[in-house]
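The chain contents come next:
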Amino acid sequence: MSTDAAFRVLGPLEVVNGGRPVPVTPGKQRVVLAALLLRANRTVSITDLTDQLWDGAAPFDSRGAVQKYVMRLRQALSGTDVTIQTEPDGYRIELLPGQLDLDRSDALVHQGRRAAEQGDDHGASAGLAEALQLWRAVPPLTNVASPALHRTEVPRLVERYLQALELRIDVDLRLGRHAELSEELIGLVLSHPLRERFWAQWMRALYATGRQGEALEAYREVTRLLADELGIDPGPELRAAHEQILRRTEPPAGSQAIAVSHGVRQLPMAPAGVVGRHREIEQITTLLGAGNSAAARLVVVAGPPGVGKTAVAVHAAHRLVDRFPDGQLFVDLGGYGAAPPRTTEEAVAHFLRALGMPPEGLPRRLDDAIATYRSLTAGRRLLIVLDNVNSPAQVRTLLPGSPTCGVVVTSRHELAGLLVSPGGHRVAVGMLRPDEADTVLRGIVGEKRLAADPAATDELIALCAGLPLALRVAAAHLVTRPHLSLAAYLDELRVGEPVSALRIEGEGQMGVASALEASYVQLDAEQQRLLRLISLVPGDRVALAVVAALTESPIAATATGLDQLAEAGLLDRRADGGYQLHDLTRAFAAQRLTLEDSPAQIDAVRQRLIEAEGRAAHDPARRHDRSGATLREQTVLRS
């Protein structure tokens, strides 16, 4: 029996169990369910249910009909942990805390009201905003056909919503969020023209942003409206707001404390000369740039170390500036650096400060900070770029709650956990083709110098194997040593081993080896050993059967290990089901093998490969694995 049932009445009536909708299709069953949920854990009399079902026109055997509807409703909910109890004069649905969205909203409103009374306006605003986000539509229960329910129960629900909204606006006015509130309140006074408090709040928001004339015009408009519609004068709150404006009373002290920044622009400078990435950049801008609700909200830009994911993401983000005019937030979460990754607390605080909150006003508790962040981003068209992410957990907390925002994530990991939700897409960034690598070198080193030695140029391109980091480090070496020939530079790389020699002194993160090391240290011991042993297998294909023989592991365990290395960006998945190890990654793994494994251990692995080849020669059924390569082809050992 599931314990994941959830009931939603703050909008169309919905039942969800374990993340899947539970259909309650018949209209009468929905009426009974709504009536029971609105008085959850209390008895609803048969008389009340009869009124909700037939609104004074009940059939002859109404009690029997109610019993039938309850029985069928129990059947519809049979896969959940929820029970409907029979009482002497009615029925009671038993729910646990948190199962009903109305209860969660009421609890959050209560907490927000308490926080406001205690002077914690930041906490109050965040809690009230979270409560209001639970409302999916106002008025609610539009898919429940019951005139009596819509006449008696729904208006009470709407009033609770409006009171919570008024309180949240009062708190936000004290916090100085006048600019955004003046926009929100335009819609509210149009939707609820006779609700004086919204007009008073709108006048205060306009006045605090220097729009005194518009505030006075709003007062004249509501005065005419109340006289024409109700024949009454404005109430005390409206008159007080009008008097404040006429006397030009200063807004409350500190009212601009966290006026939200509407022009935050945190993107790094757009990289020039991005080569060979037009398809990936077009994918990102298409996914996030569409102006409809079906557009993606999150794009994961994934690829191996040094492949240029950040350059692709930032370039695409600059193209999307017009789509997200309220601003662009950027944070490097440091998932692969020598220092510990940036904490969630640090990242949220960074964003809150960028959105206009002063350091002294930051919420002390993480959950309050997250709620405030989601409140400040709600309804805004913001683009958030999260760079160097090493796990889905780093991302989830920083996702805004509003569908109007877009998120770009860069990671060496595939982050499949972020892609299971609607709106998540992956853009893979791979190695450059030889012609693209040639363009990169020529753009930095210069056409004339490379043309002087075409053979050395081709060899350097092959050595860098399409890795942009390697190409740019090599180009930087050549640019800073203008009298060094390409042939001489290649000799230096061969002597020092390319994976170690391709680095910029004093800049650890600019080296190929350091980039790979940052990913290697995040593997567990078994995964590290697997990567080291794979370096013994030559060729561009890493086949499952070969690696199983190499490690003396079952096929299933070996497949899991290879999949984990691919998820970490250290192996490429092939279309034929096998894997591929990049040449520089192979060289790095071979270095680690020499450092961490004894010669005897390495010889033993090589011997196992020879023995596996001998067995395969007498067993044709085992000669091919998922990559289509024979074991003999795969187990040729390095000299």
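So, a few notes on the structure that sits alongside this text. (Residues numbered from 1 in each chain as written. Predicted model: local features only at pLDDT ≥ 70, side-chain atom pairs only at ≥ 80, totals over all residues. Heavy atoms only, no water.)

## Regarding the overall build of the protein
- Within the protein, the regular secondary structure consists of 28 helices and 14 strands.
- For the protein, the proportion of its 639 residues judged to be buried stands at 50%.
- Taking the intrachain contacts of the protein between residues at least 6 apart in sequence as the baseline, contacts between residues at least 24 apart amount to 68%.
- Carbon and sulfur atoms provide 53% of the accessible area of the protein, an area that totals close to 29,300 Å². (Helix = DSSP H or I, 4+ residues; strand = E, 2+ residues; numbered from the N terminus. Buried < 20%, exposed > 50% of the residue type's maximum accessible area, 1.4 Å probe, protein only. Contact = heavy atoms within 4.5 Å. Areas by Shrake-Rupley, 256 points an atom, 1.4 Å probe, with all protein chains shown as cover.)

## Some details on the sheet that holds strand β9 (residues 327-332)
- Spatial strand order, β7-β9-β10-β11-β8-β12: six strands in an open sheet with parallel pairing. In the strand order of this sheet, the two ends are held by β7 (264-265) and β12 (424-428), each with one partner.
- Both strand β10 (residues 382-387) and strand β11 (residues 406-411) contribute to a ladder of four bridges, which runs parallel. Note on β11: the bridge partner recorded for Leu-386 is Val-409.
- Packing against the sheet, helix α11 (residues 278-289) makes contact with β8 (298-302), β10, β11 and β12, and its axis sits at approximately 170° to β12.
- On top of the sheet, helix α12 (residues 309-319) reaches β8, β9, β10 and β11; it is set at about 165° to β11, its chief contact. (Pairing = 2+ DSSP bridges. Axes fitted to C-alpha atoms, helices over the stretch in contact; angles between N-to-C directions.)

## Things to note about the environment of Ala-369
- With respect to the helices and strands, Ala-369 occurs in helix α14 (residues 366-377).
- Overall, Ala-369 belongs to the buried group, its relative accessible area being 8%.
- Considering only alpha carbons, one finds Ala-369 and Ala-349, 20 residues apart in sequence, at a separation of 7.4 Å.
- In this structure, Ala-369 is in contact with Val-348, Leu-352 and Pro-363, ignoring residues within four places of it in sequence.

## Some points on the packing of aromatic side chains
- Evaluation of the coordinates by the stated rule reveals five aromatic pairs.
- Aromatic pair Phe-351 and Tyr-373: ring centres 5.7 Å apart, planes at 20°, arrangement stacked. Taken together, the positions of Phe-351 in helix α13 (residues 344-354) and Tyr-373 in helix α14 put the pair 22 residues apart, joining distant regions of the chain. Residues Phe-351 and Tyr-373 agree in their burial class; the two are buried.
- Between the NZ or CZ atom of Arg-323 and the centre of the ring of Phe-324, over which it lies, the distance is 5.1 Å. (Phe/Tyr/Trp six-rings, centres within 6.5 Å; stacked < 30°, edge-to-face > 60°. Lys NZ or Arg CZ within 6 Å of the ring centre and 35° of its normal.)

## As for the side chain of Arg-195
- Inspection of the secondary structure puts Arg-195 in the loop between α7 (178-191) and α8 (196-208).
- Classification of Arg-195 as buried rests on a relative accessible area of 18%.
- Separated by 2.9 Å, the side chains of Arg-195 and Glu-159 make a polar contact.
- At 2.6 Å, the side chain of Arg-195 and the side chain of Glu-166 are in polar contact.
- Once you skip the residues sitting within four places of it in the chain, Arg-195 turns out to touch Glu-159, Leu-162, Gln-163 and Glu-166. (Polar contact = N/O pair within 3.5 Å; in protein donor to acceptor, adjacent residues only side chain to side chain.)

## Here we look at the packing of helix α16 (residues 434-445) against helix α19 (residues 468-480)
- Direction vectors running N to C along α16 and α19 enclose 30°, while the axes themselves pass 9 Å from each other. Taken together, the axes of α16 and α19 are roughly parallel relative to one another. Where α16 crosses over α19, the two elements pack in a sense that is right-handed. Of α19, the residues touching α16 (which contributes Ala-437, Val-440, Leu-441, Ile-444 and Val-445) are Leu-471, Arg-472, Ala-475, Leu-478 and Val-479.
- Of the residues contributing to the contact of α16 with α19, the split by class is nine nonpolar, no polar and one charged. (Parallel < 35°, antiparallel > 145°, perpendicular 65-115°, else oblique. Left-handed = near helix turned anticlockwise from the far one by under 90°. Nonpolar A, V, L, I, M, F, W, Y, C, P; charged D, E, K, R; others polar.)

## Remarks on helix α25 (residues 555-567)
- Over its 13 residues, α25 extends 18 Å from the first C-alpha to the last, a length consistent with the 18 Å expected when each residue adds 1.5 Å.
- For α25, the set of buried residues is Thr-558, Gly-561, Leu-562, Leu-565 and Ala-566. For α25, the angular spread of buried residues about the axis comes to 140°, placing them on one side.
- Those residues of α25 that are buried are in contact with α23 (525-534), α24 (544-551), β13 (572-573) and β14 (579-580).
- Downstream of α25 by one or two residues, Gly-569 has phi in the positive range, about 80°. (Expected span 1.5 Å × (residues − 1). Arc of directions from axis to C-beta.)

## Notes on the pattern of salt bridges
- Applying the stated rule across the entire model yields 39 salt bridges.
- The residue Glu-517 makes a salt bridge to Arg-592 at a minimum N-O spacing of 3.5 Å. In this pair, Glu-517 is assigned in helix α22 (residues 512-520) and Arg-592 in helix α26 (residues 583-596), connecting sequence segments 75 residues apart.
- Look at the salt bridges and you will find they share partners, linking Glu-159, Glu-166, Asp-170, Arg-195, Arg-197, Arg-204 and Glu-237 into a network. (Salt bridge = Lys/Arg side-chain N within 4 Å of Asp/Glu carboxyl O.)

## Overview of the pairing of strand β1 (residues 5-8)
- Pairing of β1 with strand β2 (residues 14-17) involves four bridges; the strand directions are antiparallel. The residue of β2 that forms the bridge with Arg-8 is Glu-14.

## Regarding the nonpolar core
- Of all hydrophobic cores here, the largest spans 80 residues; its most connected members are Phe-7, Val-9, Leu-33, Leu-37, Ile-93 and Leu-141.
- For Leu-141, the residues in contact, after removing those within four places along its chain, are Val-9, Gly-11, Pro-12, Leu-13, Ala-34, Leu-38, Leu-149, His-150, Val-154 and Leu-157. (Core = buried A, V, L, I, M, F, W, Y, C linked by side-chain atoms within 4.5 Å.)

## Some words on the sheet that holds strand β6 (residues 90-94)
- Strand order in this open sheet of three strands is β4-β6-β5, and the pairing throughout is antiparallel. Edge positions in the sheet fall to β4 (44-45) and β5 (83-87), since each of these pairs with one other strand and no more.
- Taken together, the five bridges between β5 and β6 define a ladder with antiparallel strand orientation. Each residue of the ladder has a partner; that of Gln-85, found in β6, is Arg-92.
- Contacts from helix α3 (residues 62-76) reach β5 and β6 within the one sheet, and its direction differs from that of β5 by about 155°.

## What to know about α11
- With twelve residues, α11 should cover 16 Å at 1.5 Å per step; its first-to-last C-alpha distance of 15 Å lies within 8% of that length.
- Every buried residue of α11 is listed here: Glu-280, Ile-281, Ile-284, Thr-285 and Leu-288. End-on view of α11: buried residues confined to an arc of 130°, all on one side of the axis. For α11, the exposed residues set more than 90 degrees away from the buried face come down to His-278 and Arg-279.
- The elements touched by buried residues of α11 are β8, α12, β10, β11 and β12.

## Thoughts on unusual backbone geometry
- The linkage connecting Val-138 with the following residue, Pro-139, adopts the cis geometry, with an omega of 5°.
- Its identity is not glycine, yet Asp-55 carries a phi of approximately 50°, on the positive side.
- The residue Leu-141 is not glycine, and still its phi comes out positive at about 60°.
- Within the element layout of this structure, Leu-141 appears in the loop between α5 (121-133) and α6 (147-174).
- The class of Leu-141 is buried, set by a relative accessible area of 0%.

## Observations regarding the side chain of Ser-45
- With respect to the secondary-structure elements, Ser-45 resides in strand β4.
- The exposure class assigned to Ser-45 is buried, which follows from its relative accessible area of 16%.
- When sequence neighbours within four positions are dropped, the list of residues in contact with Ser-45 reads Asp-89 and Gly-90.

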